[in-house]
Amino acid sequence: MKPALIDTNILSFFFRNHSLVVERFQAYLKEQDKINISIISYYEIVSGLKHRDAQKQLISFLEFVSYNTVLPLTTSSATISADIYANLRNKGTPIDDIDILIAGIAIANDLIIVTNNIRDFEKIENLLRLLLIIVNKRRTDKSALALSLLSLKKSDVYDGLFGDALL
């Protein structure tokens with residue numbers, strides 16, 4: 001099972017005790033030592049919890065972080081992110097800077113991204129050699145999901161952490 005970077009929306013599923021996500025985290029941790037999150041996801045979650053004054057959830061999240069890995073924004077990941085930004089702007093398909101920074105961290109650390117945000121992450125060419133994995137029980141149109149994954153080569157499909165969710 002290849003190491004992964006967990007996107008903010010998947011962390012939110014985990015902290016809301018989404019059964020499939022919790023199960024997949026447990027399976028992942030049998031093969032990997034720690035969960036990887038980016039400093040960007042750390043910021044998104046901490047700022048959101050502080051804004052809501054959600055002290056219990058903040059304590060829970062900080063405890064979770066203490067047992068796992070928070071990957072920093074480095075000059076390498078920032079440069080990769082800048083390349084992604086320029087490429088998307090030149091194509092006229094910009095996405096949120098937060099997602100670009102998370103993608104840069106994943107690419108710099110050779111990690112797959114586990115996300116529920118295919119709409120933005122599928123636009124990042126260098127990331128497609130990794131894998132975008134989608135978890136969304138609310139999605140009813142599986143054919144739309146399948147079509148959005150057609151740009152991935154078969155060899156890119158990673159049946160690991162959340163692989164069953166692709167079906």
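Residues numbered from 1 in each chain as written. Predicted model: local features only at pLDDT ≥ 70, side-chain atom pairs only at ≥ 80, totals over all residues. Heavy atoms only, no water.

1. Looking at the overall build of the protein
Convention followed: For helices the rule is a DSSP run of H or I covering at least 4 residues; for strands it is a run of E covering at least 2, with both sets numbered from the N terminus onward. Exposure classes here rest on a 1.4 Å probe applied to the protein chains alone. A residue is buried below 20% of its type maximum, exposed above 50%, and partly exposed in between. Only heavy atoms matter for contacts: two residues are in contact if any of them lie within 4.5 Å across the pair.
For the protein, the count of helices and strands is 8 helices and 5 strands. Along the protein, helices (α) and strands (β) appear in the sequence β-α-α-β-α-α-β-α-α-β-α-β-α when read from the amino end. Every one of the 167 residues in the protein was classed for burial, and the buried ones make up 47%. A separation threshold of at least 6 residues defines the contact pool for the protein, and within that pool the share at least 24 residues apart is 65%.

2. Re helix H1 (residues 8-15)
Here H1 has its buried residues at Thr8, Ile10, Leu11, Phe13 and Phe14. Two residues or fewer past H1, Asn17 is found with a positive phi of approximately 60°.

3. Digging into the packing of H1 against helix H2 (residues 19-31)
The test is simple: Axis definition: a line fit to C-alpha positions, over the contact stretch in the case of helices; interaxial angles, taken between N-to-C directions, run 0 to 180 degrees. These descriptions rest on fixed angle ranges, namely under 35 degrees for roughly parallel, over 145 for roughly antiparallel, 65 to 115 for roughly perpendicular, and the rest for oblique. Throughout this entry, Asp, Glu, Lys and Arg are counted as charged residues, while Ala, Val, Leu, Ile, Met, Phe, Trp, Tyr, Cys and Pro are counted as nonpolar. The remaining residues, Gly among them, count as polar.
The interhelical angle for the contact between H1 and H2, taken along N-to-C directions, is 105°, at an axis separation of 7 Å. In terms of their interaxial angle, H1 and H2 are classed as roughly perpendicular. Along the contact surface, H1 presents Ile10, Leu11, Phe13 and Phe14, while H2 presents Val21, Val22 and Phe25. Per-class residue counts for the contact of H1 with H2 are 7 nonpolar, no polar and no charged.

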